[in-house]
Structure formats: structure tokens, C-alpha cells
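In case you want the letters, here they are:
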Amino acid sequence: SAKSNGRNCFEYFNQTIQLETERTAKLHYHLKNAIILNELELYFQPIVDPNTTEINKAEALLRWHHDGQFISPDEFIPIAEKSGLIVEIGEWVRAEVVKMISAVQSLNKSICFSINVSTIEFCTNELQNRFLQSFEKVSQSSGLSDFPYHLVTLEITESLMMNQQQAVYDLLALLRKRGVNISIDDFGTGYSSLSYLVNFPVDQIKIDKAFIQQIETDERHKALIEAIVSMSNSLDLSLVAEGVETQEQLDFIKQLKIPAVQGYYYYKPMPTDEFLAIISQQE
Ligand code: C2E
Ligand code: MG
Ligand code: MG
Ligand code: MG
């Protein structure tokens, strides 16, 4: 229910300050100004069709340049989540992606962009409404008369669906009705029940890189990936394999006919200009 939903959220925000180390506290202090100081940048990592090597999707990934350093999203996203700053940061990310979609449209190309969404952004009714309203507003300000919602994929994690809340279901269903694709990121790492795959409006699964990267050392990971492929085929979900680095990993992915690959084997995440240059050269 909305009530228990709100309580979880409150407890989460409430854990903050006391538990923070000095570094975390310092980063939190500076993260508040990161948007205004223009320290955030979006990188884009191409997602490739392994049979044609064509790029038809890309994931937007945050970068924070602070004090002559680069701070990893694995370090600052949790800080942004605990402090609630993730809400504002998420809105900034979606505005940047909308700009990117316009830029790619003007090159006459079609690329579907994945955006990571934090569970915190959906954790109260108020935040859910804010998400929807700000996303619609920014889409409508794109300058494109009919915003191509089908070129947006929202990457959510299993934790968002753990409690199978009606409000989350309704929001995802509404976004999906507009044309937005819903993807489960880091699939298989969330310890949650699989039933949400049937009960929730979902289009895509991203196989976590932990599984892909262990196939060479542990055969059982191959069996696990095979099971994910067969399940997603039966449920008519599309698949992306994340973290593909080696030829052996790619060969295995191709053998299973997984249609989309994201990994250093093809491309690392890159700045906007570099990404647009590659896309514009593509047939
Ligand atoms: P994620 O959404 O699972 O993103 C994929 C991560 O895997 C990215 O790390 C990407 O650079 C990395 N990756 C891709 N291919 C390979 C590969 O072949 N080998 C290896 N070792 N790594 C690969 P990154 O960019 O450091 O982002 C880390 C996480 O931070 C993301 O994981 C996501 O959970 C979070 N994140 C990034 N940007 C955003 C954002 O805009 N909003 C939110 N809420 N979270 C974000
Ligand atoms: Mg992701
Ligand atoms: Mg992932
Ligand atoms: Mg991850």
C-alpha cells in the first residue's frame, strides 16, 4: 500500500548522516552543487546487434567530474539515493537524454536510449507523480512535435517490484502505454520472486555482467544464462547481454541467439560527441 511504501522511503532517507564516513559526507556536500556547477556529464555506451554489429540502442551513464577527479557512479549514486538528491539528478539525466534523442533524429538515425531509474524515484506517490510530470514536460520541450517515446527504455531493478505495489504497476503501465520500454537491469542479482515478470508490464531483461563474466571459469553460469534465454523467449521479452568483453563470451552469446550486446568487446561508454560521430557514420 501507499502507506507502507512511504514508510520504507522514510526509513531509507533517515539512515543518512550518522552512518556516513568523512568521505561520504564530503561527497554528499559537493554533490548538492554538481548540477549547478556543471560537473555532471552523460556518457553513452552503444548496444550492438552481434550479427550485424549495428548500433540500435545505447545506455546513458552518469559521470561526475569533481575536483580534478572522476567519481564513479557506483560510489555517488548510493549517496544521491540516501540524500534524495537522486530525484533532481534523475530529472537532469532525462533532460539530457531528450536532447540526445533530438540530436539523433536530426541525423535521421533511430537509436533507443536506456535510462537508469532509481527505486527511490518511485518510492512514494508524490515522487511517482513528480516523475511522470517532469518526464512529460521535458519530452514536450524537446522540439519534436510528436515525441518518440518508443525510443526510450527505462531500466529499473528487481527491488522496485519486490513488494509488487499497485501504484508502481500503474505507473509502469501508463509509461508503457505511451510507448516507453521497461527493462529489468542487473537481472538475476535481486533475490526477488520471478512472478513479477508475469505480473508487471516489462519488455526487456538485461543479463547482469556478473553472469556473463563468469562463464569461462564456471560452466554452471552457462546453464544459468541458457535458462534466462529460454524463459525470456517463452515470455516474449527481449534480451540484452551486459558486460561482454571477450571473444569466448561473445561466441556463447551468439550461439544462444541473444540479439543485443553491451560491453567493452565492442564499445566502452563515451562522451556525446564521440557517440554522435559513430552514429552518423553508421549506414
Ligand atoms: P548499470 O546500469 O548496470 O550499467 C552498466 C555498467 O556496466 C556501467 O558502469 C558500464 O560502464 C559497465 N560496463 C558495460 N560494459 C562493461 C564491460 O564489458 N566490462 C565491465 N567491467 N563493465 C562494463 P558505470 O557506468 O560505472 O555505472 C555503474 C552503475 O551506476 C550503473 O550500472 C547504474 O546502476 C548506476 N548509474 C549510472 N548512471 C546512472 C543514472 O543516470 N541514474 C541512476 N539511477 N543510476 C545510474
Ligand atoms: Mg543500467
Ligand atoms: Mg546493469
Ligand atoms: Mg549495475
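Use the structure listed above.
Note that the structure is predicted; figures quoted are calculated from it, not measured.

Draft legend 1. Representation of the site of ligand 1. If you check the shell around ligand 1, you find 24 residues, and the closest are Arg63, Asn116, Asp185, Glu245 and Tyr264. At 2.8 Å from an oxygen atom of ligand 1 is found a side-chain nitrogen or oxygen belonging to Asn116. For ligand 1, an oxygen atom lies 3.4 Å from a polar atom in the side chain of Glu242. Considering ligand 1 on its own, with 800 Å² of exposed area, one finds that the protein chains cover 87% of that surface. Put simply, the parts of the chain that give the shell around ligand 1 at least two residues each are strand 2 (54-66), helix 3 (73-83), helix 4 (86-105) and strand 6 (181-187). Tallying contributions element by element places strand 2 first for the shell around ligand 1, with 4 residues.

Draft legend 2. How the structure looks around the packing of helix 4 against helix 12 (residues 272-281). One can describe the packing of helix 4 onto helix 12 by two numbers: an axis separation of 11 Å at closest approach and a directional angle of 30°. Taken together, the axis directions place helix 4 and helix 12 in an arrangement best described as roughly parallel. Crossing angle aside, the handedness with which helix 4 passes helix 12 is right-handed. Of helix 12, the residues touching helix 4 (which contributes Met100, Ala103 and Val104) are Thr272, Phe275 and Leu276. In the contact of helix 4 with helix 12, the residues fall into 5 nonpolar, 1 polar and no charged.

Draft legend 3. The packing of aromatic side chains, seen in detail. If you walk through the whole model with that rule in mind, you get 10 aromatic pairs. Geometrically, the ring pair formed by Phe44 and Phe275 is tilted, given 5.6 Å between the ring centres and 35° between the ring planes. One end of the pair, Phe44, is in strand 1 (residues 40-49); the other, Phe275, is in helix 12, with 231 residues separating them in the sequence. Grouping residues by exposure puts Phe44 and Phe275 together as buried. Chaining the aromatic ring pairs together yields one cluster made of Phe122, Phe131, Phe135, Phe147 and Tyr149.

Thresholds, definitions, all that
- Residues numbered from 1 in each chain as written.
- Chains lettered and ligands numbered in written order.
- Predicted model: local features only at pLDDT ≥ 70, side-chain atom pairs only at ≥ 80, totals over all residues.
- Heavy atoms only, no water.
- Near = heavy atom within 4 Å.
- Polar contact = N/O pair within 3.5 Å; in protein donor to acceptor, adjacent residues only side chain to side chain.
- Areas by Shrake-Rupley, 256 points an atom, 1.4 Å probe, with all protein chains shown as cover.
- Helix = DSSP H or I, 4+ residues; strand = E, 2+ residues; numbered from the N terminus.
- Axes fitted to C-alpha atoms, helices over the stretch in contact; angles between N-to-C directions.
- Parallel < 35°, antiparallel > 145°, perpendicular 65-115°, else oblique.
- Left-handed = near helix turned anticlockwise from the far one by under 90°.
- Contact = heavy atoms within 4.5 Å.
- Nonpolar A, V, L, I, M, F, W, Y, C, P; charged D, E, K, R; others polar.
- Phe/Tyr/Trp six-rings, centres within 6.5 Å; stacked < 30°, edge-to-face > 60°.
- Buried < 20%, exposed > 50% of the residue type's maximum accessible area, 1.4 Å probe, protein only.

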